[in-house]
Amino acid sequence: MTKTSKQLRVFSGVQPTGNLTLGNYIGALSQWVTHQADNETIFCVVDLHTLTIPDSISPQERRQKIREVVGLYLACGIDPKKSVIFVQSHMKQHTELAWLLTCVTPLGWMERMTQFKSKSHKQESIGSGLLMYPVLQAADILLYETDLVPVGEDQKQHIEIACDIAQRFNHLFGETFRLPKAVIPKSGARIMGFDDPTAKMSKSIAQVKSGHAVGLLDDEKAIKKTIMSAVTDSKQEFSLEDASPGVLNLLTIYEVLTKTAREDAVNRFNGKGYGHLKKDVFEAVMEVVAPIQQRYLQYSAEPGFIEDVVKEGAESITPLADKVMRSALQATGMG
Ligand code: AMP
Ligand code: TRP
């Protein structure tokens, strides 16, 4: 993994909880694939983050989900010959760096995070890991001298705080960390639920509400049902001027999946009933999801393949993680 002067280093990750959704694909994974062509790319399955809500899944499910998410990375087009794919908990440096960063992070910064506020409201008792979630995320990013972090819009605040934490450490102990930047797609950065276009499509809502999301591993019948039942509005025909959030969500999904410009998409659906829009969205989704499912089955059936990919991934980035960890420790007078 040698980095030429033109390349930037790209890092991102997804938590192995729930079933990866169309929102994950559009907001994150499809962007990752395009970065592989010009940049040095590192993609992580962030399993340690799942412990921030400790009883959200059982240990057996967690183990199975980690494997599933690696399989989906591969199936979506992350190529282990071009990108590093690894599992966060296989690299002890993430938690080690997270401690150094915890100590320089003001408590108030963490308490103000929107995701903490919304997640903590839903829990009866909160582990301190949930509060410190963004520090572990900062460690993931800073450990690899990351330039760019491609994510959906909901992660913008977390990347900004990673940058603030890096700056604070650099200010206290001298230049140590490279400052990362979020890359948010212009279109599709926030795909909404099919059942409720005011809520972001999310893996966790999908676990308790059918009709909310298309899961990348859902069968065709379920996908059709979800899309054809999508909430639109009481009007009969498509028109952009008074399109409701549900209609705009369907339009955005159509545009990004078929790489169609807004003007062309509007011309296609103008004056036609919503059934037409939904049918075209369904076909566009299947065109993307069917080959992903086929490849997923192949990769997950090949004995040892997924395990080898993540083992080689972790080995290849160990020297970089060790170097950054050593310099962070040395900056503080340790190590
Ligand atoms: P998560 O499901 O929270 O682990 O998110 C993994 C990645 O997918 C992050 O980069 C998120 O910003 C992105 N993502 C999740 N849900 C959506 C969505 N509904 N629309 C766009 N991006 C999303
Ligand atoms: N918090 C991210 C999410 O829920 C997952 C994540 C953890 C991440 N570490 C990261 C994303 C580092 C990008 C970079 O989507």
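Up top is the structure.
Note that this is a predicted model, so its numbers are computed, not measured.

Draft legend 1. Structural detail: the nonpolar core. Core analysis: the biggest nonpolar cluster contains 57 residues, and Tyr73 and Val285 have the highest contact counts within it. Broken down by element, the residue count for this core peaks at eleven residues, all from helix H13 (residues 274-301). When sequence neighbours within four positions are dropped, the list of residues in contact with Tyr73 reads Gly13, Val14, Leu29, Trp32, Phe43, Cys44, Val45, Ile78 and Ile85. In this structure, Met91, Leu131, Leu142 and Ala314 belong to the second largest nonpolar core, which totals 44 residues.

Draft legend 2. How the structure looks around the site of ligand 1. Taken together, 17 residues surround ligand 1, and among them Gly152, Asp154, Ile191, Met201 and Lys203 come closest. Interatomic distance of 3.3 Å between a backbone N/O atom of Gly23 and a nitrogen atom of ligand 1. The separation between an oxygen atom of ligand 1 and a polar side-chain atom of Asp154 is 2.4 Å. Bound to the protein, ligand 1 loses 93% of the 480 Å² it would expose on its own. With four residues, helix H1 (residues 22-35) is the single largest residue contributor to the shell around ligand 1. Looking at the shell around ligand 1 residue by residue, the classes come out as six nonpolar, seven polar and four charged.

Draft legend 3. Highlighting the pattern of salt bridges. Applying the stated rule across the entire model yields 16 salt bridges. Between Asp147 and Arg178 there is a salt bridge whose closest N-O contact spans 3.3 Å. Of this pair, Asp147 sits in the loop between helix H7 (133-142) and strand S4 (148-150) while Arg178 sits in the loop between helix H8 (156-173) and strand S5 (181-183), and the two are 31 residues apart along the sequence. Where Lys235 meets Asp233, a salt bridge forms, and the shortest distance between an N and an O atom there is 3.5 Å. Note on Lys235: relative accessible area 31%, which makes it partly exposed. A single network of salt bridges, built from pairs that share partners, joins Arg9, Glu40, Glu145, Asp147, Arg178 and Lys323.

Draft legend 4. Summary view of the pairing of strand S1 (residues 9-14). Taking burial as the measure, the six residues of S1 include five buried ones, the bulk of the element. Two strands pair when backbone bridges link them, and S1 and strand S2 (residues 40-45) are joined in this way by six bridges, in the parallel orientation. Bridge pairing in S2 links Gly13 to Cys44. Read as a crossover between parallel neighbours, the route from S1 over H1 to S2 is right-handed.

Draft legend 5. The arrangement of the site of ligand 2 in detail. Close to ligand 2 lie 13 residues; His49, Tyr133, Gln137, Asp140 and Gln155 are nearest. Within the side chain of Asp140, one N or O atom sits 2.7 Å away from a nitrogen atom of ligand 2. Protein coverage of the free-state accessible area of ligand 2, which is 360 Å², stands at 89%. Of all the secondary-structure elements, those providing two or more residues to the shell around ligand 2 are S1 and H7.

What counts and what doesn't
- Residues numbered from 1 in each chain as written.
- Chains lettered and ligands numbered in written order.
- Predicted model: local features only at pLDDT ≥ 70, side-chain atom pairs only at ≥ 80, totals over all residues.
- Heavy atoms only, no water.
- Core = buried A, V, L, I, M, F, W, Y, C linked by side-chain atoms within 4.5 Å.
- Buried < 20%, exposed > 50% of the residue type's maximum accessible area, 1.4 Å probe, protein only.
- Helix = DSSP H or I, 4+ residues; strand = E, 2+ residues; numbered from the N terminus.
- Contact = heavy atoms within 4.5 Å.
- Near = heavy atom within 4 Å.
- Polar contact = N/O pair within 3.5 Å; in protein donor to acceptor, adjacent residues only side chain to side chain.
- Areas by Shrake-Rupley, 256 points an atom, 1.4 Å probe, with all protein chains shown as cover.
- Nonpolar A, V, L, I, M, F, W, Y, C, P; charged D, E, K, R; others polar.
- Salt bridge = Lys/Arg side-chain N within 4 Å of Asp/Glu carboxyl O.
- Pairing = 2+ DSSP bridges.
- Right-handed = clockwise from strand over helix to strand, strands pointing away.

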